[in-house]
Amino acid sequence: MRKNLLHKAYIIFLFFTVLFFSTCQRGEQKLAGLYTVFDQIDSLNMAHELSYNYTKEKLTESDSLLQLSKTLNYKKGEIDALCNILSSHIRHYENEDIVRYCNAYHAETKTLEDDGLRAKLLLKMGRAEYGLNDLNAALDYTLQAKKIYIKLENNIGLSESLALEGLIHHLKSNRPKAKVKVKEALALATEIGFDRGIARGYQSLGNLLLFSNPDTALFLYKKARKINEKMQYTDFLVANLMMVAVGLSMSGKLEEAGKMLRETLVIADSANDTRIQSYAQFNLAMNLEDRGQKEEALQKLFQARDSAAYYKHADILASCYEELYLYYAERGENELALENYIQYDKISDSLAIVNNGIEMLKTELKHESEREKIETSSQNSQFILILCLLGTLLLFGAYVIFQKYKKQVLNIENKQRENQLLKEQLDAKDRELTSSIIYQIRLNESKKEIADYLINEKKKFSSSYYPILDKAIERLKKNDQEKVWEEFELRFNQLHQSFFQNLSEKFPDITTNEKRLCAFLVMNMNTKEISALTGQSERAIQQARTRLRKKIGLTGSKINISNFLSKV
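These lines cover the structure that appears in this document, whether it is placed above or below.

The rules behind these values
- Residues numbered from 1 in each chain as written.
- Predicted model: local features only at pLDDT ≥ 70, side-chain atom pairs only at ≥ 80, totals over all residues.
- Heavy atoms only, no water.
- Helix = DSSP H or I, 4+ residues; strand = E, 2+ residues; numbered from the N terminus.
- Buried < 20%, exposed > 50% of the residue type's maximum accessible area, 1.4 Å probe, protein only.
- Contact = heavy atoms within 4.5 Å.
- Areas by Shrake-Rupley, 256 points an atom, 1.4 Å probe, with all protein chains shown as cover.
- Axes fitted to C-alpha atoms, helices over the stretch in contact; angles between N-to-C directions.
- Parallel < 35°, antiparallel > 145°, perpendicular 65-115°, else oblique.
- Left-handed = near helix turned anticlockwise from the far one by under 90°.
- Salt bridge = Lys/Arg side-chain N within 4 Å of Asp/Glu carboxyl O.

Along its length, the protein chain carries 26 helices and zero strands. Each of the 568 residues in the protein chain was classed as buried or not, and the buried ones make up 38%. Contacts in the protein chain between residues at least 24 apart in sequence constitute 59% of all its contacts with a sequence separation of at least 6. Of the roughly 33,600 Å² of accessible surface on the protein chain, 54% is carried by carbon and sulfur atoms.

Before going further, it helps to spend a moment on the packing of helix α13 (residues 234-250) against helix α14 (residues 254-270). Remark: α13 packs on α14, axes separated minimally by 8 Å, with the N-to-C direction vectors making an angle of 165°. The angle between the axes of α13 and α14 places the two elements in the roughly antiparallel class. Pair α13 / α14 crosses with left-handed handedness. Judged by residue contacts, T234, L237, V238, L241, M242, V244, A245, L248 and S249 of α13 engage L254, E256, A257, M260, L261, E263, T264, I267 and A268 from α14.

The next subject is the pattern of salt bridges. By the definition in use, this model includes 18 salt bridges. In this structure, the salt-bridge partner of D42 is K76, at a minimum N-O distance of 3.7 Å. Taken as a pair, D42 in helix α2 (residues 27-51) and K76 in helix α4 (residues 75-91) lie far apart in primary sequence, 34 residues in all. Here D42 falls in the partly exposed class, since its relative accessible area comes to 22%. Between E229 and R225 there is a salt bridge, and its shortest N-O distance comes to 2.9 Å. Of this pair, E229 and R225 both sit in helix α12 (residues 214-231), four residues apart, which is roughly one turn of the helix. Judged by its relative accessible area of 38%, E229 falls in the partly exposed class. Among the ionic contacts, a cluster of salt bridges with common partners joins D42, K76, D80 and K120.

Here we come to the environment of A81. Turning to its location among the elements, A81 is positioned in helix α4. Expressed as a C-alpha distance, the spacing of A81 and S62, which sit 19 residues apart in the sequence, is 5.3 Å. The residues touching A81, leaving out its near neighbours within four places in the chain, are N45, S62, L65 and L66.

Shown next as structure tokens:
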């Protein structure tokens, strides 16, 4: 046994020695490559985080990003990908996967050195435990996240923490405290202009008031809806529309509630939110029942049952069978009533089994984690002796590696200086290009002014001069604007190779004027400078920027458009 351990340790030592030497020789190229990979991982994670449409394809991509980040030891990419994976499983109520990921990353909530990443993970774990109905664990994670966000003065994170804390207290039946926390979250979101937080705050507050004051709840739901529709927050909107329908029902406005439920079905279908879709069908059936439309209600209840069965929403399916049982029992159709009651009872039992299974899985994973700690501790004690024997060799290797490292650092510093010099040269060429194009455009404007002057003053000259004047006017009025732009684009492409080609491939419906605006933004020109260059008003340029953000998918995002375009 000891011989095998020594052999393994020796192989590990040789492997890392070769790896260190190889890394030192190719350090510069690897570092540059790693930074590029990290940027790509961040971009993909950000795109998934902003999409709020957690399809299976995106889940697979996020899992790949998680594994890649772990391999590269890129902690930010790993935590971002993990949070996106948890969001997907939470959205689809995949509780076993939630439990496994939470168990695997529980230790990270205590050991992560980056406070921002740690707070993000804590808050996501809090949401996960909230979905699993483990309210004590959810509250513990959320309060830890809130404490870090206060320390970091991150008001968006603090607003989200307060909102989740309020929801947890609501489920714990502590409504006064829930109301206080939701109001704090709403006030903070309003103060910083955090639209998602404001919409969520109105809806959460409406949920708290739904049974005690349905009219006020309905008013708050409608305010949330306006924001969700304006900012195109589809994931919030479908849940919001559902609660508006519930509020209308609570206020006795059954017909309006029915219309709202039908609208909810359409939005839920477009957002691929199968749970809200099934739930809306069930509520629409209940709405039709309350309005006395028995047969139509029954058909809608069948649709809700089939949808819930297909998408495996067991709790909604149980509610459908229960209502079908009551419907047939009321009509005296005992065989059908019994058949639906048996199905209801079977699903209720299976839900209880699933919940018990989740608890058993948590316990099993906890014991497994403890066993792994014990095994790891035992293995570590065996390796201590081996590592001591290899210490002398490692010290010698470390000296050689240190010398290589010093050389590598010096090379990297030289490369950074070269990159800085290249950047300064590029900036200078950008400024030169800007000056050139401004000069050309102003020259054309001056030629036009002179031509207009000659036209106005032509009658004051002798008619013998008319041919000369006409020829001069014709030459002066010749529009060289497109040639100026062609020269600009040619020189711009020399500095930013393939930019226009990449832009057209990524956004095929972008116009010529919008391409030029993109070029100005890449050159870090502000609205005032672009206005002076093009002769358009600053307001027109600002409107053009807004349309451009929408076309390239940055509406509602805080991503800087110049930085975004520079990576195209």
